[in-house]
Amino acid sequence: MTRDPIEDMKKCIRILIEDSDSSEELKQNALESLTDMCESIDLAQDFHKIGGYALLPHILQDQQQDIRWRAGEFMANLFQNNPYCQKAALETNLIPLLIDVIDNDPNEDPRVKALYAISCLTRGFPDAQKAFTTSDGFSVLMRAMESNIQRLKTKAAFLLRDFCIQEPSNKDILCDMGMVEQLVGMLREEHSSFHEHLMGALLSVVTDHQRATQECARPEFELREILTERIAYLEGKEEFMEERQYAQDLLKICFTPENQEQIER
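Because the structure is a prediction, the values reported are computed rather than measured.

When the sulfur atoms of two cysteines share a covalent bond, that bond is a disulfide. Throughout the structure, instances matching the rule amount to zero disulfides. With no disulfide of its own, Cys12 lies 9.3 Å from the sulfur of Cys38, the closest cysteine sulfur. The exposure class of Cys12 is buried, given its relative accessible area of 8%. No disulfide involves Cys120; its nearest neighbouring cysteine sulfur is the one of Cys85, lying 12 Å away.

What follows is the structure, encoded as structure tokens:
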């Protein structure tokens, strides 16, 4: 007898939201089953059609961190490459809930997975990108990059870069909020593998954006000195070749004679 995946999803939802006596193991297994089923784009859409999105706030705020991080992973799975589910998530107002997890969850994994879900929700979906930015999303990314969680820092830098590539007008917002100065300031910190992603994000901001390049060229930022020293420091270090290239590109873009003339006026 063929199993009915819709009934299976409903059973998992009941375990997660209705059966208060469900063990943690049973709840984790139910969430993993939902994640596996919703690998199918059609079943991911069916999950919304049967009212499954009512479950999402509950599992994002569950007392057990193993449920919370699995919730973020499940939501990323729902949204990825699925315009129907992206639209449904926006209509369900899930972005503020995910932002709250990124900013405030006491554990590392739920924060990382919530940011992953935001990335999948906003990718290729301008309406969700706008909703994220109007929810002060760039400040969320900056706080993530300032955290001591390496995976969160890296994902935030990648997402910032994607936002600049997908919608260049976001660069104006970043300049308005002083993000360029903050990114440059982070390059002053002790060198780490995160700096490659930080350089990549900064490069995405300044590319084809005169205001950002002029910001970077301000003498008080000392970015020319930072980049020159970094290029020399990374010379011959094969594992940092990409970061060194980013630094060379930033130096070339930001410190043109035209920029210097504008600053001196």
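So, about the packing of aromatic side chains. Under the defined criterion, the tally for this structure stands at four aromatic pairs. Between the aromatic rings of Phe132 and Phe163, the centroid separation amounts to 5.6 Å while the plane-to-plane angle is 40°, which identifies the pairing as tilted. With a gap of 31 residues between them, Phe132 in helix α9 (residues 126-134) and Phe163 in helix α11 (residues 150-166) connect regions that are remote in the sequence. For the pair formed by Phe132 and Phe163, the shared burial category is buried. A ring pair is formed by Phe138 and Phe163, whose centres lie 5.7 Å apart and whose planes are at 80°; its orientation type is edge-to-face. Of the two residues, Phe138 is situated in helix α10 (residues 137-145) and Phe163 in helix α11; the sequence distance between them amounts to 25 residues. Judged by its relative accessible area of 2%, Phe163 falls in the buried class. Through a chain of ring-to-ring contacts, three or more aromatic side chains come together here, namely Phe47, Tyr53 and Phe74. Taking NZ or CZ as reference, Lys49 lies 5.5 Å from the ring centre of Tyr84, over its face. One residue, Lys153, lies across the ring of Phe194, its end atom 4.4 Å from the ring centre.

This next bit is on the environment of Asp249. Its location among the elements puts Asp249 in helix α17 (residues 241-254). The partly exposed category is assigned to Asp249, whose relative accessible area is 27%. Sequence spacing of Asp249 and Leu227 is 22 residues, and the spatial spacing of their C-alpha atoms is 9.8 Å.

Evaluated as defined, the whole model comprises 15 salt bridges. Its salt-bridge partner being Glu222, residue Arg188 comes within 3.3 Å of it at the nearest N-O pair. In this pair, Arg188 sits in the loop between α13 (179-187) and α14 (194-206) while Glu222 sits in the loop between α15 (210-216) and α16 (223-234), placing the two residues 34 residues apart along the sequence. Under the relative-accessibility criterion, Glu222 is labelled partly exposed at 39%. Taking the shortest distance from any N to any O, the salt bridge between Arg218 and Glu220 comes out at 2.7 Å. In the salt-bridge network here, residues are joined through shared partners; they are Glu24, Lys27 and Asp62.

Definitions and limits used
- Residues numbered from 1 in each chain as written.
- Predicted model: local features only at pLDDT ≥ 70, side-chain atom pairs only at ≥ 80, totals over all residues.
- Heavy atoms only, no water.
- Disulfide = S-S within 2.5 Å.
- Buried < 20%, exposed > 50% of the residue type's maximum accessible area, 1.4 Å probe, protein only.
- Phe/Tyr/Trp six-rings, centres within 6.5 Å; stacked < 30°, edge-to-face > 60°.
- Helix = DSSP H or I, 4+ residues; strand = E, 2+ residues; numbered from the N terminus.
- Lys NZ or Arg CZ within 6 Å of the ring centre and 35° of its normal.
- Salt bridge = Lys/Arg side-chain N within 4 Å of Asp/Glu carboxyl O.

On their own, these measurements won't tell you what the molecule is for.
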